[in-house]
Amino acid sequence: MLVVTFDPEQFNFITTGEQSYFLLRLPDGSLVLYNDCCDHRGGPLHLGHWDDVRNCLVCPWHATKYSEKVLRTHATPLIERSNHVTVVLDTPPSTQVRLVKKTILAQPNS
Amino acid sequence: MNDSDQSSFTVAAPDETAALSGTINQPFALMALPGKLWQPDEMKRLIDLYASRPIFDDSPEWLIRDNPYRRPIDRQSIQQFDFSKALNKSASLGASALAAHRMLLNIYETDLIFLPDKNFESKRDDFSSYYSNDNKLLGELIRPTLEAHVFDFLNDEIDVTGKWSLEALRSYLQALVTKHEQSELEMCSVILASPDPQRACRALMVQLACDFLTEASASTRNILGKYGEIQSQFFKIVIDDYGYGVHPAKHSTLYENTLATCGLIAEAHAYWKFYLTSSLALSNYYHYVSRDHSKYFKAIGAIAVAESMFSHTCRKISQMMRTVFGKSVDTYYFDEHFHIDAHHGRMAFEHVVAPAIARHGDKVIPDIVRGMEELQVLTSLADEDFIAQIAFGDAAGELKSAAQRIHAQILEGELQPTATTHLETRDQSLVTRVSDQDQLYAVETGTLDLVLGPDQTARLGRGEVMIVRRQRLYGTSVVSEESCYRVYDLGDYRSC
């Protein structure tokens, strides 16, 4: 597994090989790192939107919904401390990592 | 019980203090939360009652010789603090934190046995008072409030999310250890760069004595009860620390030898007044997670990360000590840990943490991670606190120069900080404290020592001034028959 530490103010999107992940700050303030690929047809979840009424993330392609509970329980292992986060990615340690800053449309209150 | 129910209660009073009595008027649900059992003003009264116990009185000497029950907590300052609110991280080394941690260590350590080396009969009253039901009961009543005051900030500081697995946890710990082993220990570099490396090194040994002279005592709380194979594996780590019953091999004995060869006293808490807030916090944290067994998984996380990282720390400290003191210093305590903690790290993870996850499920992992992270936050704070304290002592000359400039501005009326005047005599009790802002000491009559450490003072004669930095531990001692001095609150002196 690959352990990566970074500043979440500086980066919010990670690419390792063919996998991509994005950071999402949930309404209760906790931060999750989620696989960007929708389970349904692979839509880019970070380009979805947050449904305030149903409290869920909605995929931009076919409106597949991800409840807060699902996001929390299926997210990548993450530790947030002070001004950095550490994530543990299920990928070999030698995998190249690319960290970027993107607009996360799915962010609640974005 | 409903809201209108009232129950009388009487709290067992300290031996020499009047009984405290009152009424509880709380819904039953609140009574399940110890910290909410009393309103803040009632809790303040209990804390003051605890602080007023004679064994915690201020004393006329800086070092407490061969009396492990005398643990001054500066009652006078305690009366000013509001312990009902949780501190944030930046205040966690402040004045109320120091007071709370002193009380907490006193409370936790009533579960441990301390006996003086000599003259037990002359200390029997203190022994009886420290272990009395009065002391223990009062301590238990105030403990949750004090714990929340100094440790709740960790909840805000750390968040653990996602779906954790044993492999993810193993990778995370391995990454931590690898990073740590590639690092230089900043505190060692600071000691070596100090104008007086021996004094700086002794200062480190004093801080470590807070925990090392009772090494693994807090962890022994985790080996009682009945919880299967893991319990026996945990026991193996603890009995290593206890030298398998061979006293010369007990780790605390090894540390006594180290202290002796550094010219320091090896009695438990002889340097009580010189423990930094963060050193007390680290010792207390192990008790905090090991005494409340609902924090068991945090405890094994903290112990696994400590055992895994301590090996490298010890190697670096041992090297530093030999550089500072030469061959005469006994570094065996650190050399032994360099060796054995390589095993203990593996044992704690593979034989305690991993089987606990296998048996109790992945949902215990976030607590384990939280324990690992919380210990690292406190360890980082301890490093920063120690380094700042050494820098404070080393900068006494600069702090006198800066104080002269600022004092001149005050005398000219350009600055008008809040000030208090003190008139003290030579026989005043000696207390150490920290301030929550920079302060300027100006001696008007007599001679005053600012005590910066067990073997470091800055003497101020009439007309002399010095700044004491925020959150730096210090004491005052009147050297002349009496001294009058003023203390100005500066905020941050660099902005004056």
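So, how was this worked out
Residues numbered from 1 in each chain as written. Chains lettered and ligands numbered in written order. Predicted model: local features only at pLDDT ≥ 70, side-chain atom pairs only at ≥ 80, totals over all residues. Heavy atoms only, no water. Helix = DSSP H or I, 4+ residues; strand = E, 2+ residues; numbered from the N terminus. Buried < 20%, exposed > 50% of the residue type's maximum accessible area, 1.4 Å probe, protein only. Contact = heavy atoms within 4.5 Å. Areas by Shrake-Rupley, 256 points an atom, 1.4 Å probe, with all protein chains shown as cover. Lys, Arg positive; Asp, Glu negative; His and termini not counted. Charge placed at Lys NZ, Arg CZ, Asp CG, Glu CD. pLDDT = per-residue confidence, 0-100. Buried area = accessible area lost by both parts, 1.4 Å probe. Salt bridge = Lys/Arg side-chain N within 4 Å of Asp/Glu carboxyl O. Polar contact = N/O pair within 3.5 Å; in protein donor to acceptor, adjacent residues only side chain to side chain. Nonpolar A, V, L, I, M, F, W, Y, C, P; charged D, E, K, R; others polar. Pairing = 2+ DSSP bridges. Axes fitted to C-alpha atoms, helices over the stretch in contact; angles between N-to-C directions. Expected span 1.5 Å × (residues − 1). Arc of directions from axis to C-beta. Parallel < 35°, antiparallel > 145°, perpendicular 65-115°, else oblique. Left-handed = near helix turned anticlockwise from the far one by under 90°. Core = buried A, V, L, I, M, F, W, Y, C linked by side-chain atoms within 4.5 Å.

Chemist: Would you mind going over the overall build of chain A with me for this structure?
Modeler: A tally of regular secondary structure across chain A gives one helix and 10 strands. The principal-axis extents of the C-alpha atoms in chain A amount to approximately 40 × 30 × 25 Å. When each of the 110 residues of chain A is scored for burial, the buried share is 50%. When contacts within chain A are restricted to residue pairs at least 6 apart in sequence, those whose partners lie at least 24 apart make up 58%. On chain A, roughly 5600 Å² of surface is accessible, and the fraction owed to carbon and sulfur atoms is 48%. Side chains of chain A carry 10 positive and 11 negative charges; the gap between the two charge centres is 2 Å.

Chemist: Help me out: how do you make sense of the confidence of the model for chain B in this one?
Modeler: Residues and elements named next belong to chain B. Considering every residue of chain B, the mean pLDDT works out to 91; 93% of them sit at 70 or more. Low confidence marks residues 1-33, where pLDDT is under 50. Its contacts with residues over four positions away, or in another chain, come to 57 contacts. Interface predicted TM-score (ipTM) for the complex: 0.92; the corresponding pTM is 0.91.

Chemist: Explain the interface of chain A and chain B here, please?
Modeler: Many analyses report the size of an interface as the accessible area lost when the parts associate. Listed by partner, the interface residues are 18 residues for chain A and 20 residues for chain B. The contact between chain A and chain B buries some 1500 Å² in all, and 56% of this surface belongs to carbon and sulfur atoms. Our count for the contact surface shared by chain A and chain B stands at one salt bridge. We note a salt bridge from R81 of chain A to E373 of chain B, for which the minimum N-O separation is 2.8 Å. Across the contact surface, chain A and chain B share seven residue pairs in polar contact (both at pLDDT 80 or more). Only β4 (31-35), α1 (68-74), β8 (78-81) and β9 (84-89) of chain A provide two or more residues apiece to the side of chain A that touches chain B. For the side of chain A that touches chain B, the element with the highest residue contribution is β8 of chain A, accounting for four residues. Class assignment for the residues of the side of chain A that touches chain B results in nine nonpolar, six polar and three charged.

Chemist: What should I look at first to understand the sheet that holds strand β7 (residues 448-453) of chain B in this one?
Modeler: Adjacent strands of a sheet form backbone hydrogen bonds with each other and so pair up, either parallel or antiparallel. Residue and element names in this part refer to chain B. Taken in spatial order, the four strands make up an open sheet running β5-β10-β7-β8, and their pairing is antiparallel. If you trace the sheet from one side to the other, it starts and ends with β5 (432-433) and β8 (456-460), each paired once. Where β5 meets strand β10 (residues 474-478), two bridges bridge the pair, whose relative direction is antiparallel. For R433, the partnering residue across the bridge sits in β10 and is Y474. In the packing of helix α16 (residues 365-394) onto the sheet, contacts are made with β7, β8 and β10, and the angle to β7 comes to roughly 145°.

Chemist: Honestly, helix α4 (residues 95-108) of chain B in this entry has me stumped. Any pointers?
Modeler: Count 3.6 residues to each turn of an α-helix, and residues three or four apart come out pointing the same way. Relative to the 20 Å expected for 14 residues at 1.5 Å per residue, α4 of chain B spans 20 Å between its end C-alpha atoms, a close match to the ideal helical length. Across the 14 residues that make up α4 of chain B, a large majority, 14, are buried.

Chemist: I would appreciate a short explanation of helix α9 (residues 186-193) of chain B in the present structure.
Modeler: Residue and element names in this part refer to chain B. Burial in α9 covers these residues: M187, C188, V190 and I191. In an axial view of α9, the angular spread of the buried residues amounts to 160°, which keeps them on one side of the axis. Facing away from the buried side of α9 by more than 90 degrees, the exposed set consists of E186 and A193.

Chemist: Just checking my understanding: could you explain the packing of helix α11 (residues 229-241) of chain B against helix α15 (residues 332-360) of chain B for this structure?
Modeler: Helix packing for two helices is described by the angle between their axes and how far apart those axes are. Residue and element names in this part refer to chain B. Between α11 and α15, the least distance of the axes is 9 Å, while the angle of their chain directions is 165°. When the axes of α11 and α15 are compared, the pair comes out roughly antiparallel. Crossing hand, α11 versus α15: left-handed. Contacts between α11 and α15 involve E229, I230, Q233, F234, K236, I237, D240 and D241 on the former and, on the latter, I340, H344, M347, A348, H351, V352, P355, A356, R359 and H360.

Chemist: I would appreciate a short explanation of the nonpolar core in the present structure.
Modeler: Note on soluble globular proteins: their nonpolar side chains tend to be buried together. All names here are of chain B. By size, the foremost hydrophobic cluster in this structure holds 134 residues, and its most contacted members are L169, M205, Y255, I317 and F334. Tallying contributions element by element places helix α14 (residues 296-325) first for this core, with 16 residues. Those residues in contact with M205 that lie beyond four places of it in its chain are Y255, T258, L259, C262, L264, I317, M321 and F334. Core analysis: the second largest hydrophobic core is formed by 28 residues, A396, I410, Y441 and L460 among them.

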